[in-house]
Amino acid sequence: MKTLIKNGRVIDPANKVDLVGDLLIDKGKVAEVGRAIKASGVKTIDASGKIVAPGFIDMHTHLREPGREDAETIETGMAAAAAGGFTTVCAMPNTTPPCQTAGDAKYLIEKAQKAGKGHLIPIGTMTRDRAGEQITEMAELKEAGCLAVSDDGDSIAQAGVARKVMEYASMCDMLVISHCEDKSLSGKGVMHEGYWSTVLGLAPIPSLSEVSIVERDIALAELAGTRIHIAHVSCAESVEVVR
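What you see is a predicted model; the values in this text were computed from it and never measured.

1. Notes on helix α2 (residues 102–115)
- For α2, built from 14 residues, the straight-helix expectation of 20 Å at 1.5 Å per residue is met to within 8% by its first-to-last C-alpha distance of 20 Å.
- Of all the residues in α2, the buried ones are Ala102, Ala105, Leu108, Ile109, Ala112 and Ala115. All buried residues of α2 fall inside an arc of 160° around its axis, so they share one side.
- Against the buried residues of α2 lie α1 (74–83), β8 (119–124) and α3 (138–144).
- One or two residues past the end of α2 sits glycine 116, with phi positive at roughly 65°.

2. Here we look at the pattern of salt bridges
- Counting across every chain of the model gives 10 salt bridges.
- Linking glutamate 65 and lysine 111 is a salt bridge whose minimum nitrogen-to-oxygen distance equals 3.1 Å. One end of the pair, glutamate 65, is in the loop between β6 (56–61) and α1; the other, lysine 111, is in helix α2, with 46 residues separating them in the sequence.
- Of the residues examined, glutamate 65 reaches a relative accessible area of 7% and is grouped as buried.
- Between aspartate 70 and arginine 68 there is a salt bridge whose closest N-O contact spans 2.9 Å.
- Overlapping salt bridges, with partners in common, bring together Arg130, Asp154 and Lys183 in one network.

3. Overview of the pairing of strand β1 (residues 3–12)
- Summarising the sheet, β1 and strand β2 (residues 17–26) pair through eight bridges and their orientation is antiparallel. Directly across from threonine 3, in β2, lies its bridge partner isoleucine 25.
- Turn length for the β1-β2 hairpin, with the two strands adjacent in sequence and antiparallel, is four residues, and the turn residue lysine 16 shows positive phi of about 55°.
- Pairing of β1 with strand β4 (residues 43–46), which is carried by four bridges, proceeds in the parallel orientation. Of the residues in β4, the one forming a bridge with leucine 4 is threonine 44.

4. Section: the pairing of strand β3 (residues 29–34)
- Across five bridges, the pairing between β2 and β3 is antiparallel. Directly across from aspartate 22, in β3, lies its bridge partner glycine 34.
- Following β2, the chain reverses through two residues before pairing antiparallel with β3; lysine 27 in that reversal takes a positive phi of roughly 55°.

5. Points about the nonpolar core
- Membership of the largest hydrophobic core comes to 31 residues, with the highest contact counts inside it found for Leu63, Ile74, Leu120, Met138 and Val149.
- When contributions to this core are tallied by element, the ones reaching two or more residues are α1, β7 (86–91), α2, α3, α4 (159–172) and α7 (208–224).
- For this core, the element with the most residues is α4, which contributes seven residues.
- Every residue in contact with leucine 63, bar those within four places of it in the chain, is listed here: Glu72, Thr73, Ile74, Gly77, Met78, Val89, Ala91 and Leu120.

6. A few points about a nonpolar patch on the surface
- On the surface, Val190, Tyr195, Trp196, Val199, Leu200 and Leu202 cluster together to form a nonpolar patch covering roughly 670 Å² of accessible area.
- Summarising the element assignment, leucine 200 is placed in helix α6 (residues 195–200).

7. Some details on the packing of α4 against α7
- Contact geometry for α4 and α7: axes closest at 9 Å, N-to-C directions at 45°. Here α7 runs oblique to α4, going by the angle between their axes. By crossing handedness, the relation of α4 to α7 is classed as right-handed. Of α7, the residues touching α4 (which contributes Ala159, Ala162, Arg163, Met166, Glu167 and Ser170) are Arg216, Asp217, Leu220, Ala221, Leu223 and Ala224.
- A class-by-class count of the residues in the contact of α4 with α7 yields seven nonpolar, one polar and four charged.

Cut-offs and rules
Residues numbered from 1 in each chain as written. Predicted model: local features only at pLDDT ≥ 70, side-chain atom pairs only at ≥ 80, totals over all residues. Heavy atoms only, no water. Helix = DSSP H or I, 4+ residues; strand = E, 2+ residues; numbered from the N terminus. Expected span 1.5 Å × (residues − 1). Buried < 20%, exposed > 50% of the residue type's maximum accessible area, 1.4 Å probe, protein only. Arc of directions from axis to C-beta. Contact = heavy atoms within 4.5 Å. Salt bridge = Lys/Arg side-chain N within 4 Å of Asp/Glu carboxyl O. Pairing = 2+ DSSP bridges. Core = buried A, V, L, I, M, F, W, Y, C linked by side-chain atoms within 4.5 Å. Patch = residues over 30% accessible without salt bridge, like charges linked within 9 Å, V, L, I, M, F, W, Y side chains within 5 Å. Areas by Shrake-Rupley, 256 points an atom, 1.4 Å probe, with all protein chains shown as cover. Axes fitted to C-alpha atoms, helices over the stretch in contact; angles between N-to-C directions. Parallel < 35°, antiparallel > 145°, perpendicular 65-115°, else oblique. Left-handed = near helix turned anticlockwise from the far one by under 90°. Nonpolar A, V, L, I, M, F, W, Y, C, P; charged D, E, K, R; others polar.

The structure is reproduced here in structure tokens:
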């Protein structure tokens, strides 16, 4: 049966659509968008006061599988995403083992297809085991379905290795998602270094541990001509560098 969604605020940036109107859905696909669509024998949904949009994309998810199925699985994570309107999710490689080979990427995609809850895009690692030393075969990862690389949760300590990662990613036209943290500075800190960390007696994390890597990785990305996304920015100084 066809479905007619009426009187919703239809927003579709990719197609430059922003109007209050209707959508006609036929066999799970949008057949028509417009104002006051007329159709008979359809299921009607009144979307007055609501926004109707294409499925959202979450570019940074932790699905935990493989290795931590006790916390989350691809099936449960994709179901939760779909319930919130996210039809595509990018699975970060902080798993055991991480997504670092073409076989790893294909495994994740096949698991998501079997779950049937949405579209999964695997993110491959920049280095083997996210150890910051041996660069992965990014071309093979891209061919297997990865659109980006990241050592999520870890930063590459050696600038020379980071530069090679940027150059390889640029050759493959892959996005680099950078976790910016100099762990020699952040150590075992648990909160921002400042007045309150002193008052509370908690191990501090100086802003410099993040900002120094943000500056470095942006400079290396510019040098290599690489697209870069700085993940989970947490301090004002980093915002200024990105700006």
